[in-house]
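Residue-level listing of the chains:
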Amino acid sequence: MKLTSRRARAIVVAIAAGSLALTGCSENKGTSSNKDSKKDQQEAAGQSKAVVYADAAASTGPAEEVPGAKPGGTITAYQESGLTHLDPGQIYVSDAGQVANLLFRGLTNFEEDGKGNVSVVGDLATDSGKSSDGGKTWTYTLKDGVKDQNGNEITSADIRHTFERQFAKFIFDGPTYIQTWLAGPDYRKALPDGGFGKKHLPDTMLETPDEKTVVFHFDTARPDLPQTLAMPGYTVVPEKTDTKEKYDKAPVSTGPYKISEYKVGKVLKLVKNENWDPKTDSVRHQYVDGWDFQFGVTESTQTKRLISDQGDAKSAIQFTGSVDATQIQDVISDASVNKRTIKGYQPYVMSLTFNLDRVKNKAVRDAVAYAVNSKSLIAGEGGAYGGDVAPNLFAPTLPGYEPTYDPFGRLKTPQGNIAKAQELLKGVPAAQKKLVFAYSNSEAGQKRKVAVEDALTKVGFDVVSKEVDSASFYEQIAKLDNPYDMYITGWGQDWPSPGTVVTPIYDGDQVADGSSNYSHIDDPKVQELIKKALTQEPTEAAKTWREAHHYIIEKINPGAPLWYTKQFQLYGSNIGGARYSTESSYIDVTRLFLKS
């Protein structure tokens, strides 16, 4: 998923021997050294434990009480950029995904214990799901008494509607796993109006035999369905209150909080949802009375306020922002401030992605890949506290990660290989050396712009930088006819399987408006390898994914790997229950309370 866009899932695909979960830096002990990158990466790669697909007992609420928790008060959430979407079907974004866990519920969800153990539990469903027919069929039974904010009980008709509406054209920015699993890559043709008319998906795909039962039918085994259903993009949209395109501005809550006021990019206030029943929810709490989101607050301002710990800042958190790079020393050198931080390795790879429709000369793409300065870019993110040099397009959190696979010599020359880049550019026409670079108008985006311009101009590129609104950045670059040659994108696996990296961003079937295939790569060999891997057992599939990864980088080069991201967030002294969520890679919002 996109960083501050598509949200990362720290759950590995379920396999016959059991699924795995990235357990990251549990218990908020700051286990990431932030100084020894090799050690950090080894910890990230080695932090996998068996995931439990929970039964009904483990899926029954209420959630286990947080020690010392008290009710009352309002948490202030600092956020620089506005939210692109709040329609669940459109959410594939890290910040909106965080909000989704306060507002919406799906059939399943992830539960963490702070000790490195992650479970898939039933959320709206009584358990994580029951499979049959060799994993091709999955059956879910809805819990009793689950209502939306209007007091309407959630039924199987609402679940059917939630998935059918995702076939509609106005849903374009969310995950597409289940739609394509049910109806193939051209899934929209199966239900063009998204179920809003008289036509519905046939029972051979999606069956609702009674008000409490939902059955998914696939043409091949889908053992990872419980994790997929836990994505915020698959949380429920009640049928009675669906306003189609307008739903994005006024969605209906099924979670512990509901929206009391929302002005896009300006105001978001949440209050308690009186119709949320904690007895039906094994994951979330409703300790505070509300949430007040303050948009437009830069990371530097967030950090200053939280370091000072005065007034409202005492009860505030960085929602998806990080400690400002220039103030990291101010945080870590003061023990009273440093103890109010969470730290962890994220599953994102940041890359300088090329629009292959515009940058057609591979020599140009390779020259850029050698020229870019990862060291300078990481310095802007906070140095060792913000990230590590990325030698390739697979993150250390991903099974199959190869720490020494470094086709562009990034580890040896993190500041860029100017001589190699200049050699590749010999004979390249001047017109091809003019590159339009799209960057986000956030503080981080400004720093990245300077670093990219500086590195590429040194080797003879003419960089024309174009500012893009940070809230709609991914929406803009996801347009097939976008006017940009390159852009920095961040992608993290939806659960740690290479298939959730290679398929969403390098599959030619995903070349479409709103797709995550930002490079528009459409290569027959890549297609062949993807199809092969998806039908193999995990051990064999790992070899195929590795082959695809090497081919993509060496033969095509759709994007230059830059850095792997780390999380380093700060919160106020009145915030209780704070810990790092290995599932979201941010502060765990499901358990926060105010101490006084």
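The model shown is predicted, which means the values in this text are computed figures rather than measured ones.

1. Overview of the layout of surface pockets
- Taken as a whole, the second largest pocket holds about 550 Å³ of empty space.
- Lining the second largest pocket are 30 residues, and of these E112, D113, G114, R579 and R591 lie nearest its centre.
- Listing elements by their share of the lining of the second largest pocket, those giving two or more residues are α2 (94-103) and β4 (108-112).
- If one sorts the elements of the lining of the second largest pocket by residue count, β4 sits on top with 4 residues.
- For the lining of the second largest pocket, the class distribution of residues is 7 nonpolar, 11 polar and 12 charged.

2. Observations regarding the sheet that holds strand β18 (residues 486-492)
- One open sheet accounts for 6 strands, arranged β15-β19-β14-β18-β16-β17; its pairing is mixed. Pairing within the sheet leaves two strands with one partner each, and these edge strands are β15 (387-389) and β17 (462-468). The average undirected angle you get between the axes of adjacent strands in this sheet is 30°.
- Direction of pairing for strand β16 (residues 434-440) relative to β17: parallel, over a ladder of 7 bridges. Its bridge partner being in β17, F437 is matched across the sheet by S465.

3. Notes on the sheet that holds strand β3 (residues 74-79)
- Pairing is mixed in the open sheet, where 5 strands are placed in the order β10-β11-β12-β3-β13. Of all strands in the sheet, those with a lone pairing partner are β10 (257-263) and β13 (316-318), marking the two edges. Going from strand to strand, the sheet's axes swing by 20° on average, the running direction of each strand aside.
- Bridge count between β3 and strand β12 (residues 290-295): 6 bridges; the pairing is parallel.

4. Considering the nonpolar core
- Within the largest apolar cluster, 87 residues are counted, with the highest numbers of intra-cluster contacts made by F216 and F461.
- Considering every element that reaches this core, the biggest residue donor is helix α9 (residues 362-371), with 6 residues.
- Not counting residues within four places of it along the chain, the set of residues in contact with F461 comprises V364, A367, V368, L425, K433, L435 and L456.
- Counting 32 residues, the second-largest nonpolar core is a separate cluster that includes L83, F104, L268 and V288.

5. Structural notes on the packing of helix α15 (residues 524-533) against helix α16 (residues 538-556)
- The N-to-C vectors of α15 and α16 enclose an angle of 165°; their axes lie 9 Å apart at closest approach. Classified by the angle between their axes, α15 and α16 sit roughly antiparallel to one another. α15 and α16 meet at a crossing whose hand is left-handed. Mapping the contact onto sequence places K525, V526, L529, I530, K532 and A533 in α15 and A541, T544, W545, E547, A548, Y551, I552 and I556 in α16.

6. Re the environment of I556
- Checked against the element boundaries, I556 lands in helix α16.
- Once the C-alpha coordinates of I556 and R365 are considered, the two residues, 191 residues apart in sequence, prove to be 8.9 Å apart.
- If near-sequence neighbours (up to four positions away) are discounted, I556 is found in contact with L356, K362, R365, I521, D523, V526 and Y551.

7. Remarks on unusual backbone geometry
- Look at the link from G61 to P62: it is a cis peptide, with omega at 0°.
- Tracing the chain through its elements places P62 in the loop between β2 (48-53) and β3.
- Positive phi values are uncommon outside glycine, yet K244 reaches one of about 55°.
- Of note, K244 is situated in the loop between α5 (225-229) and β10.
- With a phi close to 65°, H520 is a non-glycine residue in the positive phi region.
- Among the residues examined, H520 registers a relative accessible area of 7% and is labelled buried.

8. Topic: the packing of aromatic side chains
- Taken as a whole, this structure holds 20 aromatic pairs when the rule is applied.
- Seen from their ring centres, W291 and F293 are 6.2 Å apart, and the 25° between their planes marks the pair as stacked. Here W291 matches F293 in class, with each residue buried.
- Considering the side-chain rings of Y370 and F408, the 5.3 Å spacing of their centres and the 85° angle between planes classify their relative orientation as edge-to-face. In this pair, Y370 sits in helix α9 while F408 sits in the loop between β15 and α11 (418-424), placing the two residues 38 residues apart along the sequence.

9. Some details on the pairing of β3
- Of all 6 residues in β3, 5 are buried; the element is thus mostly enclosed.
- Note that β3 and β13 share 3 bridges and pair parallel. By the bridge assignment, T76 is partnered in β13 with A316.

10. What about helix α10 (residues 374-381)?
- Looking only at α10, the buried set comprises S374, L377, I378, G380 and E381. On an axial view of α10, the arc spanned by its buried residues comes to 155°, and they lie on one face.
- Along its buried surface, α10 packs onto β15, α12 (443-458), β18 and β19 (559-570).
- N-cap assignment for α10: the residue whose side-chain oxygen lies 3.1 Å from the backbone N of K375 is N373.
- Residue G382 follows α10 closely and has a positive phi angle near 115°.

11. Describing the pairing of β12
- β12 sits mainly inside the fold: 5 of its 6 residues count as buried.
- Relative to β12, strand β11 (residues 267-272) is paired through 5 bridges, and the arrangement is antiparallel. From the neighbouring strand, V267 faces β12, where its bridge partner is Q294.

12. Things to note about the environment of S442
- Tracing the chain through its elements places S442 in the loop between β16 and α12.
- For the pair S442 and T298, spaced 144 residues apart in the sequence, the C-alpha separation amounts to 7.7 Å.

13. Examining the pattern of salt bridges
- Tallied over the entire structure, the rule returns 26 salt bridges.
- Ionic pairing is found between R105 and D281, a salt bridge with its closest N-O pair at 3.7 Å. One end of the pair, R105, is in the loop between α2 and β4; the other, D281, is in the loop between β11 and β12, and 176 residues separate them in sequence. As far as the burial class goes, R105 and D281 line up, both buried.
- In this structure, D454 engages K458 in a salt bridge whose closest nitrogen and oxygen atoms are separated by 3.5 Å. Separated by 4 residues within a single helix, D454 and K458 lie in helix α12, roughly one turn from each other.
- Taken together, the shared-partner salt bridges in this structure form one network comprising R105, D123, D281 and R284.

14. Considering helix α3 (residues 156-164)
- The buried fraction of α3 amounts to 8 of the 9 residues, a majority that puts the element mostly inside the structure.
- On the buried face of α3, the contacting elements are α4 (177-183), β8 (206-210), β9 (213-217) and α5.

Reading guide: rules and limits
- Residues numbered from 1 in each chain as written.
- Predicted model: local features only at pLDDT ≥ 70, side-chain atom pairs only at ≥ 80, totals over all residues.
- Heavy atoms only, no water.
- 1 Å grid on protein atoms, 1.4 Å probe; cavity = no way out; pocket = protein on both sides within 12 Å on 5 of 7 lines; lining within 4 Å.
- Points joined across faces, edges and corners; volume = space filled by probe spheres on them.
- Helix = DSSP H or I, 4+ residues; strand = E, 2+ residues; numbered from the N terminus.
- Nonpolar A, V, L, I, M, F, W, Y, C, P; charged D, E, K, R; others polar.
- Pairing = 2+ DSSP bridges.
- Axes fitted to C-alpha atoms, helices over the stretch in contact; angles between N-to-C directions.
- Core = buried A, V, L, I, M, F, W, Y, C linked by side-chain atoms within 4.5 Å.
- Buried < 20%, exposed > 50% of the residue type's maximum accessible area, 1.4 Å probe, protein only.
- Contact = heavy atoms within 4.5 Å.
- Parallel < 35°, antiparallel > 145°, perpendicular 65-115°, else oblique.
- Left-handed = near helix turned anticlockwise from the far one by under 90°.
- Phe/Tyr/Trp six-rings, centres within 6.5 Å; stacked < 30°, edge-to-face > 60°.
- Arc of directions from axis to C-beta.
- Polar contact = N/O pair within 3.5 Å; in protein donor to acceptor, adjacent residues only side chain to side chain.
- Salt bridge = Lys/Arg side-chain N within 4 Å of Asp/Glu carboxyl O.

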